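# Geometric and topological summary
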Amino acid sequence: MAKAFFRLQKFLRRTQFLLFFLTAAYLMAGSLLLLQRTRLVLQQGSRPGNQAEEASRAGPAEPRSPQSPRPGPRLLVGTEALQEPALGQRHGPHWLASRNSELRRLRRRWLHRFSSEQEPLQTAGFKAMRHTAEHKGTYMGCFTHDSRERTLKGAVFYDLRKMTVAHCQEACAERAYSYAGLAHGAECYCGNALPAAAARPEECSSECRGERGSVCGGPGRLSVYGLERLRAARRGRNVIYRGCFRAPENLTDTFPVSLIQPNLTVEMCSEFCSKKEFPLAVIRGQECHCGFPTRRFPLREGAAGPGCGARNASSAAQGPFCLVYQTPVQDTRCTDRKFLTTKSKVFVALSSFPGAGNTWARHLIEHATGYYTGSYYFDGALYNKGFKGEKDHWRSRRTICVKTHESGRTEIEMFDSAILLIRNPYKSLMAEFNRKYAGHLGYATDRTWKSKEWPDFVNSYASWWASHVLEWLKYGKRLLVVHYEELQQSLIPTLKEMVQFLNVTVTEDRLLCVENNRDGSFKRSGAKQKNFEPFTQEMKDLINRYILTVDEALRGRNFSGLPREYVPR
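Residues numbered from 1 in each chain as written. Predicted model: local features only at pLDDT ≥ 70, side-chain atom pairs only at ≥ 80, totals over all residues. Heavy atoms only, no water.

## Details of the packing of helix H12 (residues 425-438) against helix H14 (residues 453-475)
Following both chains from N to C, one finds H12 and H14 inclined at 125 degrees, their axes separated by 10 Å at the closest point. Classified by the angle between their axes, H12 and H14 sit oblique to one another. With respect to the hand of their crossing, H12 and H14 are arranged in right-handed fashion. Residue-level inspection shows Pro425, Leu429, Met430, Glu432, Phe433, Lys436 and Tyr437 of H12 in contact with H14, the latter providing Glu453, Trp454, Phe457, Tyr461, Ala462 and Trp465. Grouping the amino acids of the contact of H12 with H14 by side-chain chemistry returns 10 nonpolar, no polar and three charged. (Axes fitted to C-alpha atoms, helices over the stretch in contact; angles between N-to-C directions. Helix = DSSP H or I, 4+ residues; strand = E, 2+ residues; numbered from the N terminus. Parallel < 35°, antiparallel > 145°, perpendicular 65-115°, else oblique. Left-handed = near helix turned anticlockwise from the far one by under 90°. Contact = heavy atoms within 4.5 Å. Nonpolar A, V, L, I, M, F, W, Y, C, P; charged D, E, K, R; others polar.)

## Details of the pairing of strand S10 (residues 280-284)
Among the five residues that make up S10, four are buried, leaving the element largely enclosed by the rest of the structure. As paired elements, S10 and strand S11 (residues 287-291) share five bridges and run antiparallel to each other. Directly across from Val282, in S11, lies its bridge partner His289. Adjacent in sequence and paired antiparallel, S10 and S11 are bridged by two residues, among which Gly285 carries a positive phi angle near 60 degrees. When S10 meets strand S12 (residues 321-326), the two strands line up antiparallel, connected through four bridges. Bridge pairing in S12 links Val282 to Val324. (Buried < 20%, exposed > 50% of the residue type's maximum accessible area, 1.4 Å probe, protein only. Pairing = 2+ DSSP bridges.)

## Observations concerning the state of the cysteines
The final tally for this structure, using the stated rule, is seven disulfides. The residue that forms a disulfide with Cys208 is Cys216, at a sulfur-sulfur distance of 1.9 Å. Its S-S torsion of approximately 95 degrees makes the covalent link between Cys208 and Cys216 right-handed. For the pair formed by Cys208 and Cys216, the shared burial category is buried. Each sulfur of the disulfide joining Cys273 and Cys290 lies 2.0 Å from the other. Measuring the twist about the S-S bond at about -80 degrees, one finds the Cys273-Cys290 disulfide to be left-handed. (Disulfide = S-S within 2.5 Å.)

## Points about the sheet that holds strand S7 (residues 221-226)
Two modes of strand pairing occur in sheets, parallel and antiparallel, and in both the strands are linked by backbone hydrogen bonds. A sheet is described by the order of its strands in space; here five strands give the open sequence S1-S7-S3-S4-S2, paired in antiparallel fashion. Taken across any chain shown, the strands that pair with only one partner, and hence form the sheet edges, are strand S1 (138-144) and strand S2 (156-158). Within the sheet, the average angular offset between the axes of one strand and its neighbour, ignoring direction, is 25 degrees. In this fold helix H5 (residues 165-174) packs onto S2, strand S3 (179-183), strand S4 (187-191) and S7, with an angle of close to 140 degrees to the strand it touches most, S3.

## Overview of unusual backbone geometry
Positive phi outside glycine occurs at Asn263, with the angle close to 55 degrees. Turning to its location among the elements, Asn263 is positioned in the loop between strand S9 (257-260) and helix H8 (266-275). A positive phi angle, close to 65 degrees, is found at Glu277, a residue other than glycine. With respect to the helices and strands, the residue Glu277 is situated in the loop between H8 and S10.

## Describing the sheet that holds S10
Strand order in this open sheet of five strands is S8-S12-S10-S11-S9, and the pairing throughout is antiparallel. Both outer strands of the open sheet, strand S8 (240-246) and S9, are each paired with one neighbouring strand and no more. Direction aside, neighbouring strands of the sheet carry axes that sit 20 degrees apart on average.

## Notes on the side chain of Lys403
Take Lys403: it is sitting in strand S15 (residues 402-404). Within the buried set, Lys403 has no salt-bridge partner at all; the shortest N-O distance to an opposite charge, 5.0 Å, is to Glu390. (Lys, Arg positive; Asp, Glu negative; His and termini not counted. Salt bridge = Lys/Arg side-chain N within 4 Å of Asp/Glu carboxyl O.)

## Description of the nonpolar core
The nonpolar side chains of soluble globular proteins are, as a tendency, buried together. Among the nonpolar cores identified, the biggest contains 38 residues, and Ile422, Leu429, Trp454, Trp465, Trp472, Ile543 and Leu562 are the most heavily contacted of them. Elements with a contribution of two residues or more to this core: strand S16 (417-422), H12, H14, strand S17 (479-483) and helix H18 (537-556). With 11 residues, H14 is the single largest residue contributor to this core. When sequence neighbours within four positions are dropped, the list of residues in contact with Leu429 reads Phe353, Trp454, Phe457, Tyr461, Ala462, Phe535 and Ile543. (Core = buried A, V, L, I, M, F, W, Y, C linked by side-chain atoms within 4.5 Å.)

## Re the packing of helix H9 (residues 358-369) against helix H17 (residues 508-516)
Relative to each other, H9 and H17 sit at 145 degrees, their axes nearing to 9 Å. In this structure, H9 meets H17 at a crossing whose hand is right-handed. Counted together, Leu364, Glu366, His367, Ala368 and Thr369 of H9 and Arg510, Leu511 and Val514 of H17 form the full contact between these two elements.

## A word on the side chain of Ser396
Note that Ser396 resides in the loop between helix H10 (380-384) and S15. Side-chain polar atoms of Ser396 contact the side chain of Asp392, separated by 2.4 Å. (Polar contact = N/O pair within 3.5 Å; in protein donor to acceptor, adjacent residues only side chain to side chain.)

Given below as structure tokens:
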């Protein structure tokens, strides 16, 4: 009996607590509703009487277009459609029905406004097309697009945040292409042949990521622009003289396209080869040849002597010599990349101190192997420019190697092997300081260099440069040490060694293509000279001690020491 009574008492206690909780929740909800009602009444009372009457008679207003100014704070919940009835009518069934009707109208208005803002330009397609007429290119129409069998086979650019029609047109015209095509709102394709299969105009409905109101193709669709006016303004520019070289024995076998033209000029030959989408224009006498760097013609050893003639075509090289020019066209033989089809059995790191050229090394590896590289971090700026491995999980093993700046034992031992990229600490510190304060391609201002940020940065980061190398030498399982300076000076031999370490076989022609596209999208345009020395003597003494320590550690592990240019300044 006592046991049953105890259970009943326990049940009643629980019920009491539950009833208390529900009562408190009910009162709190009632208080919130009362406060909201009071706010609505105050807002309605603040209007002039005749304005309130007109609003109640007029019903809900017309939906606001996305371009019209946003309403002020008073309209945050759209209360202009909710009119308070007289006190005597406030609790009858007719009032509830009309209030529910007003709420439904208000929801419809809100949904209409929301959908009109999110609409992917399908209903406003032609208006957007008229907007694009402001750009310098000529709109050619909407065309079908297959990323595997592209009609526009030239250069490809990605910008998942800031792609605009003008940006794509400028990029393609800069490389002497005749057409620019945009797809998926963020992809830009260049070429010299107009796609054959046209699509309906409304199928190009994707808004450009960096320009509201402009059309950038669609899924499987290209918005194509002709660039004749833009190319005419750039004709003759961006043609780079590569040097005088000994001509191959059979020019017609080496170069797929040729032209014989009396009074041949550099501009004529470069224009001809650009239209044929070749990166090299080769001139010998009145002959113009177009092609790529190949094993037969690797452009490694230049020639000199009277046979080379002058750099202008009127006195061009004769006999066994020829003059070589780089056209604005991109070498696309090595630009295709993908994820690994099966998970990699060996987990490889591409490890470096920040500012040591890791992004540039990734660009070279991706173009040499044809596979994406991953990252321990996520850098949106890199992903937006085509480093698709940035968004892939770093432990997915779908990428050929993984970028990391980590130097802890636990992080190091996660990897089976690593390419350890080392750069002169003076250059690394300056590069990372520029990136930290001005982004991947910018330069920190002189004011920033002269502030207290720079000495603090050197004091903390210089020791990290040394410890990064020392920890990887200590805990790394299988290492390939690559010096940034050697990669710059001997690109193909060093890159071939890196690719072999990654257990990938590549052709010589693909490596030559990488050399032709060596800079990539994240190389600062030359060294910005300063009119002052950023490193004090105290900083130099500190850095030089670290250089000697790292050099000794490398030699102790039977690696070659640091390049001579690292040695104390």
